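Secondary and tertiary structure notes
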Amino acid sequence: MSGLKGGLGGRRTAEVGMALAAAGFGAVVVFGALQHDTGWGPTGPGAGYFPFRIGLLLIGVAALLALRQVLAGVPGRFSEPGAPRRVAALLVPTLVFGAAMAPLGAYVPMMLYLLWMARRTARAGWALSFLIALAMPAGFFLLFEVWLGVPLAKGPLEEALGIY
Amino acid sequence: MEGLAALLHGFEVALTAYHIGLMVVGVLIGILVGVLPGLGAPNGVALLMPLTFFMPPVSAIILLSSMYWGALLGGSTTSILFNIPGEPSSVATTFDGHPMAKQGKAAEALSLAFLCSGFGALVGVITITIVADDIADFALRFSPAEYFAVYLLAFCAFIGMGGSDPLKTAVSLLVGLSLATIGMDTVSGEMRLTFGQDQLVRGISFLVAVIGLFGIGELLSTADETEKVEGIRARVRLAAVLRTLAEMPRYTVALVRSAAIGVWMGLTPGGPTAASFMSYGVARRFSKRRENFGKGEPEGVVSPETSDHAAGVSALLPMLALGVPGSATAAVMLGGLMIWGLQPGPMLFQDKPDFVWGLIASMYVANLVAVVLVLATVPIFASVMRVPIGLLAPMIMAICISGAWMVSSNGFDVLLAIGFGVVGYMMKKLDYPIAPMVLAMVLGDKSEDAFRQSMLMSRGDLTIFWSNWLVGSITTLALLLLAWPVLSWLLRSRAQDSRRIAE
């Protein structure tokens, strides 16, 4: 986690962070399970019985893992210099693309995403970038909408063009 | 001979023009998926799943399983030519396959890998044909207690024998089991762990999780690494294939041993990855040319490839007969079965013989199709790897994102898949195994139901899991496997102590 942010955190910090995150998730599961019957009801174990115990086990195992890392973790680098920036250069545009899909449809965000990634991250020429950004959504349209009949997300542009 | 008649009927189902066409399409997509980074077999099957909702189940499973065979072969191709395993189960193939390719024996390494894969697959599917009915009959005697014991065995086998850090495997499993409980409880109808979010009522789809964990996570890992891809060009000529085929008898011992390891690891939930590593390790220990291993020894290609495919194929039997998948890909297919409205388990063999035997018959044909196709198309698919990863990764990402949308036409799923991608990337970096999480997500509801039904039968008495010899031995075996990491550590330190005293 810390390794993702600044590349400052070592491998050990990341290991402990991951184990604590798992324990935290276990705590959420236990908390959620406590809103139900965690014991015995008229139909056997209640709705919270199973998740309550799974959550407790998860907290236990993750705490053990974190403890082991603190006591006997291997120091070292979590990632090579420059790696967090490269991962972010892929992750952030993907997140924007994914978030834009529901309101704007699949095709326009996909074109912009592919164009951005080809130009900015891969440093391809304009011609190649445009080729990828246009050919791939077009191929998707033919494959999914026309041939297989499985619709992708539609946005205002598709609506204006009457493709639905 | 009941099995033979059933198999012949299966061939009638499998050998239609439509189904052979599906096999060819499935294998070709599979090879591509196996070659491309970020698109492994589990993720490929998950991405194709929404397209199969409108097909008859038998056609759907033929398409998906054919894709699986293709992906296994595609994974071996990149292992040998690029030293990049396209599939986790092809890692062991890089040890000797890539050195062989570097020595100018790429064509030999490739044809050896494909032919051995074919042999392993054949042994796997013959085993399935012979034992399928017996295992199904055996499983008919299972009550919920036995089912829970079998699920427990699957989970414990991953922790004890999976090869990863047992604590990290346990975390991965438990997170998967927790994720499976999200949404409506099947028994009481209560909303669990939704915290008032409408999006979570349906639960978290394992397809979305697989696309994120295996696909997006893998792509983020690729961006993390900068190693330059240096491939070796290869064209496989018919003469080279025939020469390799003529040399196959030389490896009889390795072939038979590796196939046996593979079938065993596929039937028990060890999976193809563990099988290929184990087979390579055993070969290195017992081979006459053991000092040549790691430097381009053909037996180092034969052993993992044969096991990989034998395990991949035989992993489908426990999935069908018991509802316990032997590999991550089989787990995704099991989820598919339930989406298509089929109940995996022994009743499937009685209620849907067309489906079961059509699939088994298709495995004979599709594996043959796969070996022939991969031999013919290796140069074409290998050229895909020469596209710079900076251009390739966003395109594969667009496929994953669209696939996550298609699961249920929902924007929330897309963001969830990206979230799983970040988790998968972290898990990969910190050596957490991902397959147990997927297995637990698919089996979570079923194992909880089995547990609750057992508890109802016994009025809360846990000794029901030792109430007869069958359930008792499965449960005990499961607990032994769970304790295995601790036991082996104790034994090892005891041995070291006694050695020290002896000295």
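Because the structure is a prediction, the values reported are computed rather than measured.

Side note on the overall build of chain B
- On a plain count of helices and strands, chain B comes out with 20 helices and two strands.
- Seen through its C-alpha atoms, chain B measures out along the principal axes to roughly 65 × 65 × 55 Å.
- Buried residues in chain B amount to 62% of all 503 residues.
- Residue pairs at least 24 apart in sequence account for 79% of intrachain contacts in chain B once pairs closer than 6 positions are excluded.

Regarding the overall build of chain A
- From N to C terminus, chain A includes seven helices and two strands.
- In chain A, the order of α-helices and β-strands from amino to carboxyl end is α-α-β-β-α-α-α-α-α.
- By the compact-globule yardstick of 15 Å for 164 residues, chain A is too spread out, its C-alpha radius of gyration being 24 Å.
- A principal-axis box enclosing the C-alpha atoms of chain A has dimensions of 60 × 50 × 25 Å.
- Counting only residues that meet the buried cut, chain A has 37% of its 164 residues in that class.
- Sequence-distant contacts in chain A: of pairs separated by 6 or more residues, those separated by 24 or more amount to 54%.

Overview of the interface of chain A and chain B
- Across the contact, 52 residues belong to chain A and 46 residues belong to chain B.
- Breaking the side of chain A that touches chain B down by element, the ones donating at least two residues are α2 (11–33), β2 (44–45), α3 (49–72), α4 (83–104), α5 (107–121) and α6 (126–148) of chain A.
- Counting residues per element, the side of chain A that touches chain B draws most heavily on α4 of chain A, at twelve residues.

Section: the domain arrangement of chain A
- When cut into domains, chain A gives domain 1 (2–72) and domain 2 (83–161).
- Relative placement of domain 1 of chain A and domain 2 of chain A: their C-alpha centres are 37 Å apart.

A short note on unusual backbone geometry
- Non-glycine residue R123 of chain A carries a positive phi angle of around 55°.
- A tally of 11 C-beta atoms within 10 Å means that R123 of chain A is categorised as exposed.

Some thoughts on the packing of helix α8 (residues 206–224) of chain B against helix α17 (residues 389–408) of chain B
All names here are of chain B.
- Between α8 and α17, whose axes approach to 10 Å, the crossing angle comes to 170°. The orientation of α8 relative to α17 falls into the category roughly antiparallel. Between α8 and α17 the crossing geometry is left-handed. From α8, L207, V208, I211, G215, I216, L219, T222 and A223 reach across to α17, where they touch I389, A393, I396, M397, C400, G403, A404 and V407.
- Taken together, the residues of the contact of α8 with α17 break down into 13 nonpolar, three polar and no charged.

Quick notes on the rules
Residues numbered from 1 in each chain as written. Chains lettered and ligands numbered in written order. Predicted model: local features only at pLDDT ≥ 70, side-chain atom pairs only at ≥ 80, totals over all residues. Helix = DSSP H or I, 4+ residues; strand = E, 2+ residues; numbered from the N terminus. Buried ≥ 20, exposed ≤ 12 C-beta atoms within 10 Å, placed from the backbone. Contact = placed C-beta atoms within 7 Å. Rg over C-alpha atoms; globule rule 2.2 N^0.38 Å. Domains from an automatic or database assignment. Axes fitted to C-alpha atoms, helices over the stretch in contact; angles between N-to-C directions. Parallel < 35°, antiparallel > 145°, perpendicular 65-115°, else oblique. Left-handed = near helix turned anticlockwise from the far one by under 90°. Nonpolar A, V, L, I, M, F, W, Y, C, P; charged D, E, K, R; others polar.

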